[in-house]
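# Per-entry structural report
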Amino acid sequence: MNRHWSGFNIVSVVVGFAFLYIPILLLIIYSFNESRLVTVWAGFSTRWYGEMLRNQALLDAAWVTLRVALVSATAATLLGTLAAVVLVRVTRFRGRLLFSGMVFAPLVMPEVITGLSLLLLFIAMNLDRTIFTVMLAHTTFSMCFVAVVVQSRLVTFDRSLEEAAQDLGCTPLKAFLTVTLPVIAPAVIAGWMLAFTLSLDDLVIASFTSGSGATTLPMRIYSQVRLGVTPEINAVCTVLIALVTTAVIIASVINKRSMVQRERAEQLARAG
């Protein structure tokens, strides 16, 4: 097999990465701009980070976003895991096709349609749009992503381990909690992180389902950007990029260490 890269492949990769990351790099650089004009460099300064910390509207929106993401990701992980278990373990029951279609529908449904449908539902239920409705909406559309991730892990799970635990006296629930859940825990955690990220990033659905006092950070940033991009917005985006980068690095390090420990355990088992 020829493993040498051609000039076209190298140029394509360079252009692709440049197209993706040069705008982010420029955003980070101009977040340290002294001037209020984002296109005019007037010297290095961290004043906009201080302005960001004094902007109570942005801080309140960030706190709302964090609460919505934590609650909706946790609820979506619980419901998505249960849905994945039903789809994998219960192969025949009336309405299975309808159930699977309802679980996976948000994957292919445009966010505008999802947000409008939820808005009409809340109006029909005479439910005021608050932070609670945003949590419900985010749980609804992120649950399917958790179900897909967990289902892919459950398909390859060896059920003989769970059956052996039941033969030794465990109830089905205890066998699932003590045997199955630890094995599929990486998939469950990955599903939670995916749901958390989707909730942090959502703008369209939150715009339909939020009300007074439930403005999320993407909504706040979008409303300010419509009036013009400021270095303060660049500072907020830079902080978010730093947090995401740090989380990815930590997750990569933990994953690498777990792989090394697993390989050592396998080597010791072979040696023994």
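For the structure, check the block above.
Keep in mind that what you see is a predicted model, and the values were worked out from it rather than measured.

## Considering the packing of aromatic side chains
As enumerated under the stated definition, the model contains 4 aromatic pairs in all. Relative to phenylalanine 44, the ring of phenylalanine 32 has its centre 5.2 Å away and its plane inclined at 10 degrees; by these criteria the two rings are stacked. Of the two residues, phenylalanine 32 is situated in the loop between α1 (7-30) and α2 (47-54) and phenylalanine 44 in the loop between α1 and α2; the sequence distance between them amounts to 12 residues. Under the relative-accessibility criterion, phenylalanine 32 is labelled partly exposed at 22%.

## Describing the side chain of serine 45
Looking at where serine 45 falls in the secondary structure, it is placed in the loop between α1 and α2. One polar contact links serine 45 to glutamate 34, side chain to side chain, over a distance of 2.8 Å. Look past the residues within four positions of serine 45 in its chain and what remains in contact with it is Ser31, Phe32, Asn33 and Glu34.

## Some points on the nonpolar core
In terms of nonpolar packing, the biggest core is built from 14 residues, with Ala76, Val146, Val150, Leu154, Ile184 and Ala195 touching the most fellow members. Looking at this core, the elements with two or more residues in it are α3 (56-89), α6 (131-155) and α8 (172-201). Not counting residues up to four positions away in its chain, the partners in contact with alanine 195 are Ala73, Ala76, Ser142 and Val146. In terms of nonpolar packing, the next biggest core, distinct from the first, is built from 11 residues, Trp48, Ala61, Leu217 and Ile233 among them.

## Overview of unusual backbone geometry
With phi around 55 degrees, asparagine 126 is a residue other than glycine that occupies positive phi space. For asparagine 126, a relative accessible area of 66% puts it in the exposed group.

## What to know about α6
In a regular helix each residue adds 1.5 Å, so 25 residues correspond to 36 Å; α6 covers 36 Å between its end C-alpha atoms and thus fits that length. Maximal helix bending in α6 amounts to about 35 degrees, located at serine 142.

## Section: the packing of α3 against helix α10 (residues 217-225)
Put simply, α3 and α10 touch, their axes get as near as 7 Å, and they point 145 degrees apart. Residue-level contacts link Ala57, Leu58, Ala61, Ala62 and Thr65 of α3 to Leu217, Pro218, Arg220 and Gln224 of α10. Here the contact of α3 with α10 is built from residues that sort into 6 nonpolar, 2 polar and 1 charged.

## Here's the deal with α8
Along an α-helix, residues three or four positions apart point the same way, because every turn accommodates 3.6 residues. Compared with the 44 Å implied by 1.5 Å per residue over 30 residues, the 38 Å span of α8 between its first and last C-alpha is markedly short. The set of residues buried in α8 consists of Ala175, Phe176, Val179, Thr180, Ile184, Ala187, Val188, Gly191, Ala195, Phe196 and Ser199. Against the buried residues of α8 lie α3, α6 and α7 (159-167).

## Description of the pattern of salt bridges
Evaluation of the coordinates by the stated rule reveals 3 salt bridges. The partner of arginine 89 in a salt bridge is glutamate 162, with the nearest N and O atoms 3.2 Å apart. Of this pair, arginine 89 sits in helix α3 while glutamate 162 sits in helix α7, and the two are 73 residues apart along the sequence. Given a relative accessible area of 5%, glutamate 162 falls into the buried group.

## Overview of the environment of asparagine 33
If you trace the backbone, asparagine 33 turns up in the loop between α1 and α2. Taking the C-alpha atoms as reference, asparagine 33 lies 39 Å from tryptophan 5; in sequence the two are 28 residues apart. Ignoring any residue separated from it by four or fewer positions in sequence, one finds asparagine 33 in contact with Val38, Val40, Trp41, Ala42, Gly43, Ser45 and Trp48.

## Considering the packing of α3 against α6
Across the interface, α3 lies against α6 with an axial gap of 5 Å and an inter-helix angle of 40 degrees. For the element pair α3 / α6, the angle class is oblique. Where α3 crosses over α6, the two elements pack in a sense that is right-handed.

## Focus on a nonpolar patch on the surface
Together, Trp5, Ile10, Val13, Val14, Phe17, Phe19, Leu20, Tyr21 and Ile24 line one region of the surface with nonpolar side chains, adding up to about 960 Å² of accessible area. With respect to the helices, strands and loops of the structure, isoleucine 10 is situated in helix α1.

Parameters and conventions
- Residues numbered from 1 in each chain as written.
- Predicted model: local features only at pLDDT ≥ 70, side-chain atom pairs only at ≥ 80, totals over all residues.
- Heavy atoms only, no water.
- Phe/Tyr/Trp six-rings, centres within 6.5 Å; stacked < 30°, edge-to-face > 60°.
- Helix = DSSP H or I, 4+ residues; strand = E, 2+ residues; numbered from the N terminus.
- Buried < 20%, exposed > 50% of the residue type's maximum accessible area, 1.4 Å probe, protein only.
- Polar contact = N/O pair within 3.5 Å; in protein donor to acceptor, adjacent residues only side chain to side chain.
- Contact = heavy atoms within 4.5 Å.
- Core = buried A, V, L, I, M, F, W, Y, C linked by side-chain atoms within 4.5 Å.
- Expected span 1.5 Å × (residues − 1).
- Bend = angle between axes of the 7 residues up to and from the residue.
- Axes fitted to C-alpha atoms, helices over the stretch in contact; angles between N-to-C directions.
- Nonpolar A, V, L, I, M, F, W, Y, C, P; charged D, E, K, R; others polar.
- Salt bridge = Lys/Arg side-chain N within 4 Å of Asp/Glu carboxyl O.
- Parallel < 35°, antiparallel > 145°, perpendicular 65-115°, else oblique.
- Left-handed = near helix turned anticlockwise from the far one by under 90°.
- Patch = residues over 30% accessible without salt bridge, like charges linked within 9 Å, V, L, I, M, F, W, Y side chains within 5 Å.
- Areas by Shrake-Rupley, 256 points an atom, 1.4 Å probe, with all protein chains shown as cover.

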